[in-house]
Amino acid sequence: MPELPEVEVVRRGLERWISGRVVSGVDVLHPRAVRRHLAGGADFAAGLKGHRIGLAQRRGKYLWLPLADSPAAVLAHLGMSGQLLVQPADAPDEKHLRIRVRFDDAQGTELRFVDQRTFGGLSLHGTAPDGLPEVIAHIARDPLDPAFDEEAFHQGLRRSRSTIKRALLNQSLISGVGNIYADEALWRARLHYERPTATFTRPRTTELLGHVRDVMNAALAVGGTSFDSLYVNVNGESGYFDRSLDAYGREDEPCRRCGTPMRRRPWMNRSSYFCPRCQRPPRPVKARA
DNA sequence: AGTCATTCCTGCGTGC
DNA sequence: TGCACGCAGGAATGAC
C-alpha cells in the first residue's frame, strides 16, 4: 500500500510523461529519501544529470527508470506514502517534497518525489543485461508478469513451513502483494491467513493465484486503491478501488458472501481482516512426539 | 537455512 | 486544549 496496482498506475504515468526526457538537474531535499543510494545525495544527482530517461519498468512494488545511454537505472520504491508527481515547475513545493528532478526541455514540468513517512526512496544502480537493477535481483516476478513461474511458486509453498499470508507477502516468492491485496485474495479464495503453505495442492495454488490476479486487475481498472490523498497517480489523482474492497478495513461489517460480521486480528504488527465463517482457521497441527 | 521479531517514519484518531 | 499513545506497514536487518 501502495501495492502492485498502485505502482503500475504510477509506472504508466511515468512512461507517458517522463520517458524520453533528459535530466537537467536534481535537488535532493531530504537525505533519507536517497538512503539506499549509498554514495549519497550529491552522487545521486550527479549520476542523473545529462542522461536521457528510458521506458519506465516495474517488478512487484519496485519501479525504475532506465538511463537510455548507460546500463543503470533510477530505482524507486514508494514505501508507505511515497508519491511520484509530474508537476508544473512553478507549482509550490509540497510539504513533504524530498527530491526534485528537472528536465532539459520546454515541457514546463518536473518530477517530484513526495513522501510523508519516508519509507520510500530513489537510488541509482547498475542493471543486469536484462535491464533489472542488480539490487532487486532477489525480488520474484509478480503475478501479472507473463513470465511469472507458477510452478516455482507452488513448490516454494510446499517446501516452506510457513503460513499462506506470510508467503503472499514474501517478495522473494511472489512480488507485488501487500497487506490489502493479500486479505482480498484470501477472502475470495475462502482461505484463512494462517493456513500452512505445505498443505496446498497444485489446484489450490492455481485458484489462489487466479484470485490474486483478478483482484489486482480489478483494482488496476479503476486506478488503484486510495484511502486518502496519500495514494495517487502522477497527476495527484486517487483511484476508486477502496469502494470495492471485500475484506480489508471491514471489521464488524457483514461479509459480502454470507453476512457474518468480518473480523480483524492483530497479525505481524499489522492487521488481518477475514470472515470467520467463509475462512475457517486450519486445524491445529498435531504436536510431534 | 529458514523463520520471525524489530526497526525506520509521520500524521491522524482516540482517550484521558 | 493538549498530551500521550496506538496505528497504518514494506522490507532490510539481525537474532535465533
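Calculation notes
- Residues numbered from 1 in each chain as written.
- Chains lettered and ligands numbered in written order.
- Predicted model: local features only at pLDDT ≥ 70, side-chain atom pairs only at ≥ 80, totals over all residues.
- Heavy atoms only, no water.
- UniProt positions renumbered as here; feature names shortened; annotations may be inferred.
- Helix = DSSP H or I, 4+ residues; strand = E, 2+ residues; numbered from the N terminus.
- Buried < 20%, exposed > 50% of the residue type's maximum accessible area, 1.4 Å probe, protein only.
- Contact = heavy atoms within 4.5 Å.
- Near = heavy atom within 4 Å.
- Polar contact = N/O pair within 3.5 Å; in protein donor to acceptor, adjacent residues only side chain to side chain.
- Nonpolar A, V, L, I, M, F, W, Y, C, P; charged D, E, K, R; others polar.
- Core = buried A, V, L, I, M, F, W, Y, C linked by side-chain atoms within 4.5 Å.
- Expected span 1.5 Å × (residues − 1).
- Arc of directions from axis to C-beta.
- Pairing = 2+ DSSP bridges.

### Observations concerning the UniProt feature "active site" (unreviewed entry) in chain A
For step 1, the next point in the chain: The UniProt record annotates "active site" (unreviewed entry) at Pro2, Glu3, Lys61 and Arg270.
For step 2, the next point in the chain: Looking at where Lys61 falls in the secondary structure, it is placed in the loop between strand E2 (57-59) and strand E3 (62-66).
For step 3, the next point in the chain: With a relative accessible area of 17%, Lys61 lands in the buried category.
For step 4, the next point in the chain: Excluding its chain neighbours within four sequence positions, the residues that come into contact with Lys61 are Pro2, Glu3, Leu4, Val7, Ala76, His77, Gln171, Gly176, Val177 and Gly178.
For step 5, the next point in the chain: Note on placement: Arg270 falls in strand E10 (residues 270-274).
For step 6, the next point in the chain: Residue class for Arg270 comes out partly exposed when judged on its relative accessible area of 41%.
For step 7, the next point in the chain: Not counting the four nearest positions on each side in its chain, Arg270 is found in contact with Leu169, Asn179 and Arg265.

### What about the protein's contact with DNA strand C?
For step 1, the next point in the chain: What surrounds DNA strand C is a group of 14 residues, the closest being Tyr62, His77, Phe119, Tyr248 and Ser271.
For step 2, the next point in the chain: Sugar and phosphate atoms form 64% of the subset of DNA strand C atoms that lie within 4 Å of the protein.
For step 3, the next point in the chain: In the model, a phosphate oxygen of DNA strand C is placed 3.1 Å from a nitrogen or oxygen of the Lys61 side chain.
For step 4, the next point in the chain: When grouped by side-chain class, the residues that make up the surface near DNA strand C number five nonpolar, five polar and four charged.

### Some remarks on the nonpolar core
For step 1, the next point in the chain: With 37 residues, the main nonpolar core has Leu168 and Leu208 as its most contacted residues.
For step 2, the next point in the chain: Within the residue set of this core, elements represented by two or more residues are helix H3 (150-159), helix H4 (164-169), helix H5 (179-188), helix H6 (202-221) and E10.
For step 3, the next point in the chain: In this structure, Val7, Val23, Ala45 and Val101 belong to the second largest nonpolar core, which totals 29 residues.

### As for H6
For step 1, the next point in the chain: When the terminal C-alpha atoms of H6 are compared, their 29 Å separation across 20 residues agrees well with the 28 Å that a helix rising 1.5 Å per residue should span.
For step 2, the next point in the chain: Along H6, the residues that are buried comprise Thr205, Leu208, Leu209, His211, Val212, Val215, Met216, Ala219 and Leu220. Buried positions in H6, seen along its axis, are confined to an arc of 165° and lie on one side of it. Exposed side of H6, more than 90 degrees from the buried face: Pro203 and Ala221 are the residues found there.
For step 3, the next point in the chain: Summarising the contacts, the buried residues of H6 are in contact with helix H1 (4-17), H3, H4 and H5.
For step 4, the next point in the chain: Directly beyond the C-terminal end of H6, a positive phi value near 90° is found at Gly223.

### Let's talk about the pairing of strand E8 (residues 121-126)
For step 1, the next point in the chain: Within E8, five of the six residues are buried, leaving the element largely enclosed by the surrounding structure.
For step 2, the next point in the chain: Looking at chain direction, strand E4 (residues 72-77) and E8 are connected through six bridges and run antiparallel. Counted as the bridge partner of Ala73 is His125 from E8.

### Let's talk about the pairing of strand E5 (residues 82-88)
For step 1, the next point in the chain: The buried fraction of E5 is high, at five of seven residues.
For step 2, the next point in the chain: Here E5 runs beside strand E7 (residues 109-115); their pairing, made up of seven bridges, is antiparallel. Residue Leu84 lies in a different strand from E7, and its bridge partner there is Phe113.

### Considering the protein's contact with DNA strand B
For step 1, the next point in the chain: Around DNA strand B, the surrounding shell consists of Arg32, Lys95, His96, Gln116, Arg117, Thr118, Phe119, Ser160, Arg161, Ser162, Arg166 and Asn269.
For step 2, the next point in the chain: Of everything in DNA strand B that lies within 4 Å of the protein, sugar and phosphate atoms constitute 67%.
For step 3, the next point in the chain: Measuring from a phosphate oxygen of DNA strand B, one finds a side-chain N or O atom of Lys95 at 3.4 Å.
For step 4, the next point in the chain: A distance of 3.3 Å is found between a phosphate oxygen of DNA strand B and a side-chain nitrogen or oxygen belonging to Ser160.
For step 5, the next point in the chain: Tallied by class, the residues present in the surface near DNA strand B amount to one nonpolar, six polar and five charged.

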